[in-house]
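Listed below, chain by chain, are the residues.
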Amino acid sequence: MKKSLAILFVAALGLAACNTEKKGPGGLLYTIHKSGGKDKIKEGDIVKINFTQKNEKDSILGSTYDTEQAQIFPVSKKNYAGDMNDVLTLFGEGDSATFKINLDTMAARTNQPKPEQFKNDKYMVFTIKVEKVFKRGANEPDSIFHKKASDFFQADYKADMEKRKVAEPGKIQQYIKENNLKVTTAPSGLQYVITAPGTGEKATNTDTVLVNYIGRFTKKDAKGKYRLFDTNVEKAAKEADHVQPGHKYEPAKMLPTNVVAGFSEAIKLVGKGGKITAIFPSKLGYGEEGGGPFAPYTPMVFEIEVLDIIKPKAAAPVQPAPPAPVKK
């Protein structure tokens, strides 16, 4: 029993040491939460990393976990002690860590002001997981190293995409279950709930539709909320801390032919004043290629209110041309 307690005590000490915040160069602070026990990253290595970026108020400014798409990039030569390339050399494959880049040091070394979103902060905070470190072999020429790295990460990407493709239907069903929705499924794969049918004729492809909309992902973020990616409703944007400078928060006019297939189908299912929640698979959105904030095979959810349906103006009747004068 004493031996077992000693082992547990040593393990607890190791865990505490692993989670101790340490000081690095250039005012850097870092904490290794878990070590993979592998060689440290070096300049020239190519890494695959998942990360969450925050400010000091703990607001998430970016996350590969939300997009489910890790970042792959070569580790460059550091520009100054404590910069992003320098901090990566503290970690190895399999490590998870939090580090804080000193923004005052960054501003002084680069002669650039602090980024606007960090103007009142001292640190830019990253929590990372080093998924893969692709290392160059001893005396390996650049051409061979980059060819091997390209082949590896292409195969790795294909494997990731296959996993995403297989997982997509489950993500949609999980969202429907979590929200206790009784959906109707269209032949296209669109799943929807009409909360208000609206009045009058439904829109056609030639109509202009005036709408309010809120677009979200089906996956919850670190705070347990469905992340909003776009809306023209200012209240919803503020509640989600997603107000975008220059974005017009007012009813949006659109043609059904100028939006992704799922949105187009949804707005034609209700009349004026109608409301619909539409959940559609990536094949009705940005597909297997993705686009913008949408990684490949990303399903999405839209809450849509059709405010008005504007019919095209009838073309003015063509008047026959007067007869040409006849020469005498």
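Residues numbered from 1 in each chain as written. Predicted model: local features only at pLDDT ≥ 70, side-chain atom pairs only at ≥ 80, totals over all residues. Heavy atoms only, no water.

- As recorded in an unreviewed UniProt entry, the protein chain goes by peptidylprolyl isomerase and comes from Pedobacter montanisoli.
- Quoted straight from UniProt, the Sequence similarities (unreviewed entry) entry for the protein chain says "Belongs to the FKBP-type PPIase family." (UniProt positions renumbered as here; feature names shortened; annotations may be inferred.)

What to know about the overall build of the protein chain
In step 1: Secondary structure summary: the protein chain contains seven helices and 14 strands in total.
In step 2: The proportion of buried residues among the 328 residues of the protein chain is 36%.
In step 3: Expressed as a percentage of contacts within the protein chain between residues at least 6 apart in sequence, the contacts between residues at least 24 apart total 66%.
In step 4: Carbon together with sulfur atoms contributes 55% to the accessible area of the protein chain, which is approximately 19600 Å² in total. (Helix = DSSP H or I, 4+ residues; strand = E, 2+ residues; numbered from the N terminus. Buried < 20%, exposed > 50% of the residue type's maximum accessible area, 1.4 Å probe, protein only. Contact = heavy atoms within 4.5 Å. Areas by Shrake-Rupley, 256 points an atom, 1.4 Å probe, with all protein chains shown as cover.)

What about unusual backbone geometry?
In step 1: The phi torsion at N111 lies on the positive side, around 60°, for a residue other than glycine.
In step 2: Structurally, the position occupied by N111 is in the loop between α4 (103–110) and β7 (123–134).
In step 3: The residue Y297 is not glycine, and still its phi comes out positive at about 60°.
In step 4: Locating Y297 in the fold gives a position in the loop between β13 (275–280) and β14 (300–310).

Quick notes on the confidence of the model for the protein chain
In step 1: Per-residue confidence for the protein chain averages 89 on the pLDDT scale, and 90% of its residues sit at or above 70.
In step 2: Considering only residues more than four positions removed or in separate chains, one finds that residues 8–16, a stretch of pLDDT under 50, has zero contacts. (pLDDT = per-residue confidence, 0-100.)

Some remarks on the environment of G200
In step 1: For G200, the position within the fold is in the loop between β9 (191–196) and β10 (208–220).
In step 2: Assessed through its relative accessible area of 66%, G200 is described here as exposed.
In step 3: Considering only alpha carbons, one finds G200 and G273, 73 residues apart in sequence, at a separation of 9.3 Å.

With respect to the nonpolar core
In step 1: One finds V211, F263, F302 and I304 to be the most contacted residues of the largest nonpolar core, which totals 25 residues.
In step 2: Elements with a minimum of two residues in this core: β10, β12 (252–254), α7 (261–267), β13 and β14.
In step 3: Take this core: its biggest share by element is five residues, from β14.
In step 4: Apart from the residues lying within four places of it in its own chain, the contact partners of V211 are N232, P251, A252, M254, F263, I267, I304, E305, V306 and L307.
In step 5: If you look at the next biggest cluster of nonpolar residues, it comprises 20 residues, including I41, I49, I101 and V130. (Core = buried A, V, L, I, M, F, W, Y, C linked by side-chain atoms within 4.5 Å.)

What to know about the packing of aromatic side chains
In step 1: Summed over the entire model, instances satisfying the criterion amount to 18 aromatic pairs.
In step 2: Relative to F152, the ring of F134 has its centre 5.4 Å away and its plane inclined at 40°; by these criteria the two rings are tilted. On the criterion of sequence distance, the pair formed by F134 in strand β7 and F152 in helix α5 (residues 142–178) is long-range, its members being 18 residues apart.
In step 3: Summarising the aromatic geometry, the rings of F229 and F302 are spaced 5.5 Å apart at their centres and angled 85° between planes, so their arrangement reads as edge-to-face. One end of the pair, F229, is in strand β11 (residues 226–231); the other, F302, is in strand β14, and 73 residues separate them in sequence. When sorted by exposure, F229 lands in the same class as F302, which is buried. (Phe/Tyr/Trp six-rings, centres within 6.5 Å; stacked < 30°, edge-to-face > 60°.)

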